[in-house]
Amino acid sequence: MATSAAPETVAQEMPAPQTSSNTTPRFSPDEVTVVFVLGGPGAGKGTQSENLVRDYGFTHLSAGDLLRAEQVREGSQYGELIRHHIREGTIVPMEVTVALLSNAMSETLAKGTSKTKPARFLIDGFPRKLDQAIFFEETVCPSRMTLFLNCPEDVMLQRLLKRSETSGRDDDNIESIRKRFRVFQETSMPVVHNYQKQGKVISVEATGTKEEVYERIKEGLKTKGLTPL
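Rules of the game
- Residues numbered from 1 in each chain as written.
- Predicted model: local features only at pLDDT ≥ 70, side-chain atom pairs only at ≥ 80, totals over all residues.
- Heavy atoms only, no water.
- Helix = DSSP H or I, 4+ residues; strand = E, 2+ residues; numbered from the N terminus.
- Polar contact = N/O pair within 3.5 Å; in protein donor to acceptor, adjacent residues only side chain to side chain.
- Expected span 1.5 Å × (residues − 1).
- Buried < 20%, exposed > 50% of the residue type's maximum accessible area, 1.4 Å probe, protein only.
- Pairing = 2+ DSSP bridges.
- Arc of directions from axis to C-beta.
- Core = buried A, V, L, I, M, F, W, Y, C linked by side-chain atoms within 4.5 Å.
- Contact = heavy atoms within 4.5 Å.
- Phe/Tyr/Trp six-rings, centres within 6.5 Å; stacked < 30°, edge-to-face > 60°.
- Lys NZ or Arg CZ within 6 Å of the ring centre and 35° of its normal.
- Salt bridge = Lys/Arg side-chain N within 4 Å of Asp/Glu carboxyl O.
- Axes fitted to C-alpha atoms, helices over the stretch in contact; angles between N-to-C directions.
- Parallel < 35°, antiparallel > 145°, perpendicular 65-115°, else oblique.
- Left-handed = near helix turned anticlockwise from the far one by under 90°.
- Nonpolar A, V, L, I, M, F, W, Y, C, P; charged D, E, K, R; others polar.
- pLDDT = per-residue confidence, 0-100.

## Brief notes about the side chain of Glu70
Line of reasoning, step 1. Relative to the assigned elements, Glu70 resides in helix H3 (residues 63-72).
Line of reasoning, step 2. Looking at Glu70, its side chain comes within polar contact range of the side chain of Ser76, at 2.7 Å.

Here it is, written out as structure tokens:
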């Protein structure tokens, strides 16, 4: 799955963590359109993100991919911290994740490679907590909407165990997976509920074939005025 910037470049440009008080967002909605993709582990966020990049001109940013790249980057001040949280299935401090995402967006704009204006960014696996959502919108940019892939845990578990056969990921094991399910329900669902109250959520049943799920996503985006290229 593609990200817009080389993780090592992003890390080198990482600013000191911000606080959200008295801060103007780094980007305006005139410059960027941000769509969050949320769903439990194994809901299909990466798979569907690939479809949306191809058809809608999104730049795909995976918070998880950026963090995994940063944890192995030589000389990273955050590497061991990130490794610990990924190993335990807990959430990395939001300042680190937001800095990685913000700089990846900045690099895409600087390169001028976006196919749309404003540039479209699809951020999957983030925000994982309500305070992350608030911090991102106050310091980076307000989001336009959230795509929520609603999937039963038993289906997600089967998908992740299948993925573990080839992924090589430390967190694709039964113990870590169950921890991640609990963390998602306790911390991420309040984010979905918050955006639902604002009328900014497209909720899609993420069962069936990949193609069936994608058709539901396209219908949902159409209702929000977001069309393919």
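We are not done yet, so read on.
## Focus: helix H5 (residues 94-111)
Line of reasoning, step 1. Between the first and last C-alpha of H5 there are 26 Å, a value that for 18 residues agrees with the 26 Å anticipated at 1.5 Å per step.
Line of reasoning, step 2. For H5, the tally of buried residues reaches 13 of 18 residues, placing the bulk of the element in the interior.
Line of reasoning, step 3. Count one or two residues on from H5 and you reach Gly112, which has phi positive near 70°.

## Some words on the pairing of strand E2 (residues 59-62)
Line of reasoning, step 1. Covered by surrounding structure in E2 are Thr59 and Leu61 together with His60 and Ser62, the residues of both alternating faces.
Line of reasoning, step 2. Pairing analysis gives 4 bridges linking E2 to strand E3 (residues 119-124), with the strands arranged parallel. Across the sheet, the residue bridging to Ser62 is Asp124, located in E3.

## What to know about helix H4 (residues 79-88)
Line of reasoning, step 1. Listed in full, the buried residues belonging to H4 are Gly79, Ile82, His85 and Ile86. Viewed along the axis of H4, the buried residues span an arc of 135°, placing them on a single side of the element.
Line of reasoning, step 2. Directly after H4, the chain includes Gly89, whose backbone phi takes a positive value near 75°.

## Details of the nonpolar core
Line of reasoning, step 1. Among the nonpolar cores identified, the biggest contains 36 residues, and Met105, Ile123, Phe126 and Phe136 are the most heavily contacted of them.
Line of reasoning, step 2. For this core, the elements supplying multiple residues, two or more each, are strand E1 (32-39), H3, H4, H5, E3, helix H6 (130-139) and helix H8 (174-197).
Line of reasoning, step 3. It is H5 that provides the largest number of residues to this core, a total of 7 residues.
Line of reasoning, step 4. Every residue in contact with Ile123, bar those within four places of it in the chain, is listed here: Val34, Val35, Phe36, Val37, Leu61, Leu101, Met105 and Phe136.
Line of reasoning, step 5. Counting residues in hydrophobic clusters, the runner-up holds 24 residues, among them Leu149, Cys151, Val204 and Leu226.

## Overview of the packing of aromatic side chains
Line of reasoning, step 1. Taken as a whole and judged by the stated rule, the model has 5 aromatic pairs.
Line of reasoning, step 2. A ring pair is formed by Tyr56 and Phe58, whose centres lie 6.4 Å apart and whose planes are at 35°; its orientation type is tilted. Here Tyr56 and Phe58 have matching classes, each one buried.
Line of reasoning, step 3. Each residue in the set Phe36, Phe126, Phe136 and Tyr195 is aromatic and connected to the rest through ring pairs, giving one cluster.
Line of reasoning, step 4. If you follow Arg120 out to its NZ or CZ, it ends over the ring of Phe58, 6.0 Å from the centre.

## A few points about the pattern of salt bridges
Line of reasoning, step 1. Under the defined criterion, the tally for this structure stands at 10 salt bridges.
Line of reasoning, step 2. The shortest N-O distance in the salt bridge between Arg68 and Asp65 comes to 3.0 Å. Of this pair, Arg68 and Asp65 both sit in helix H3, 3 residues apart, which is roughly one turn of that helix.
Line of reasoning, step 3. Among the residues examined, Arg68 registers a relative accessible area of 23% and is labelled partly exposed.
Line of reasoning, step 4. For Asp65, a relative accessible area of 21% corresponds to the partly exposed category.
Line of reasoning, step 5. Of the charged contacts in the structure, one is a salt bridge between Glu165 and Lys162, with a shortest N-O distance of 3.6 Å. Residue Glu165 and its partner Lys162 are located together in helix H7 (residues 153-167), separated by 3 residues, close to a single helical turn.

## Describing the packing of H3 against H4
Line of reasoning, step 1. Running from amino to carboxyl end, H3 crosses H4 at an angle of 130°, the nearest separation of the two axes being 7 Å. By the criterion of interaxial angle, the relationship of H3 to H4 is oblique. Seen from above, H3 lies across H4 with left-handed handedness. Touching Leu67, Arg68, Glu70 and Gln71 of H3 are Gly79, Ile82, Arg83 and Ile86, all from H4.
Line of reasoning, step 2. Within the contact of H3 with H4, the residues separate by chemical class into 3 nonpolar, 2 polar and 3 charged.

## Side note on unusual backbone geometry
Line of reasoning, step 1. Here the bond from Lys117 into Pro118 is cis, since omega is 0°, no more than 30 degrees from zero.
Line of reasoning, step 2. As for its placement among the helices and strands, Pro118 is situated in the loop between H5 and E3.

## Thoughts on the confidence of the model for the protein chain
Line of reasoning, step 1. Per-residue pLDDT for the protein chain has a mean of 87; in total, 90% of the residues score no lower than 70.
Line of reasoning, step 2. Counting interchain partners and residues more than four positions distant, the pLDDT-below-50 stretch residues 1-19 has 48 contacts.

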